[in-house]
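# Results of the structural survey
What follows is each chain in one-letter form.
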Amino acid sequence: MRNTKTSARPLLIGFGMGDPATGRVNRTSDGYPPFNIERLGRGETATERLRITLAVAGFGEDELEVLVEADQLIIRGRQAERDEPNYLFRGIAARQFQRVFLLESGMDVLSATLRHGLLSIDLVRPQSAQMVRKINISAAQ
């Protein structure tokens, strides 16, 4: 069985995506599988939406796992054992992986879709409600 490669530090999602720390974390990972993060804008409900898309060519739906644990989005790929063809050239990676993204408080995963070798995970950050709370003042005796 092949080793699962884990990036040293997870990428921060929702923490001001232009933050220099985000780029620094991204450069420390091994780059597999490659991914994009796109801002989809705000929906009708004034929520910010993001999409993480990972290039997972060769992985089937049953070989991928998407988990949310505490404040982490964890994506794992484990290919089932197969009879290996006699490749003349192998340019498509077939290794196991784990990608971890730290989610800002309030970020929620809406869906995960696998199409044409791309795994897309949609996230939403609901608009925080402006809550006004009256504090009663008691007289000190």
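Residues numbered from 1 in each chain as written. Predicted model: local features only at pLDDT ≥ 70, side-chain atom pairs only at ≥ 80, totals over all residues. Heavy atoms only, no water.

## Looking at the confidence of the model for the chain
Residues at a pLDDT of 70 or more form 74% of the chain, whose mean pLDDT is 79. Taken element by element, the chain is modelled with least confidence in helix α1 (residues 20–28), mean pLDDT 42, and with most confidence in strand β5 (residues 64–69), mean pLDDT 96. Under a pLDDT of 50 for its full length, residues 18–28 has, in the predicted model, 10 contacts with residues more than four places off or in other chains. (pLDDT = per-residue confidence, 0-100. Helix = DSSP H or I, 4+ residues; strand = E, 2+ residues; numbered from the N terminus. Contact = heavy atoms within 4.5 Å.)

## Details of the nonpolar core
If you look at the biggest cluster of nonpolar residues, it comprises 18 residues, and the most contacted ones within it are Ile13, Leu54, Leu73, Ile75, Phe97 and Leu123. Every element with two or more residues in this core is listed here: β4 (48–55), β6 (72–77), β7 (97–103) and β9 (118–125). With residues near it in sequence (within four places) discarded, leucine 54 still touches Pro33, Pro34, Phe35, Ile75, Phe97, Arg99, Gly117, Leu118, Leu119 and Ile121. (Core = buried A, V, L, I, M, F, W, Y, C linked by side-chain atoms within 4.5 Å. Buried < 20%, exposed > 50% of the residue type's maximum accessible area, 1.4 Å probe, protein only.)

## Focus on the side chain of glutamate 63
Structurally, glutamate 63 is set in the loop between β4 and β5. Its relative accessible area of 8% is what places glutamate 63 among the buried residues.

## Re the pairing of β6
Most of β6 is tucked away, with 5 of its 6 residues classed as buried. Across 6 bridges, the pairing between β5 and β6 is antiparallel. Bridge pairing in β6 links glutamate 69 to glutamine 72. Connecting the antiparallel pair β5 and β6 is a turn made up of 2 residues, with alanine 70 showing a positive phi of about 55°. Summarising the sheet, β6 and β7 pair through 6 bridges and their orientation is antiparallel. For leucine 73, the partnering residue across the bridge sits in β7 and is phenylalanine 101. (Pairing = 2+ DSSP bridges.)

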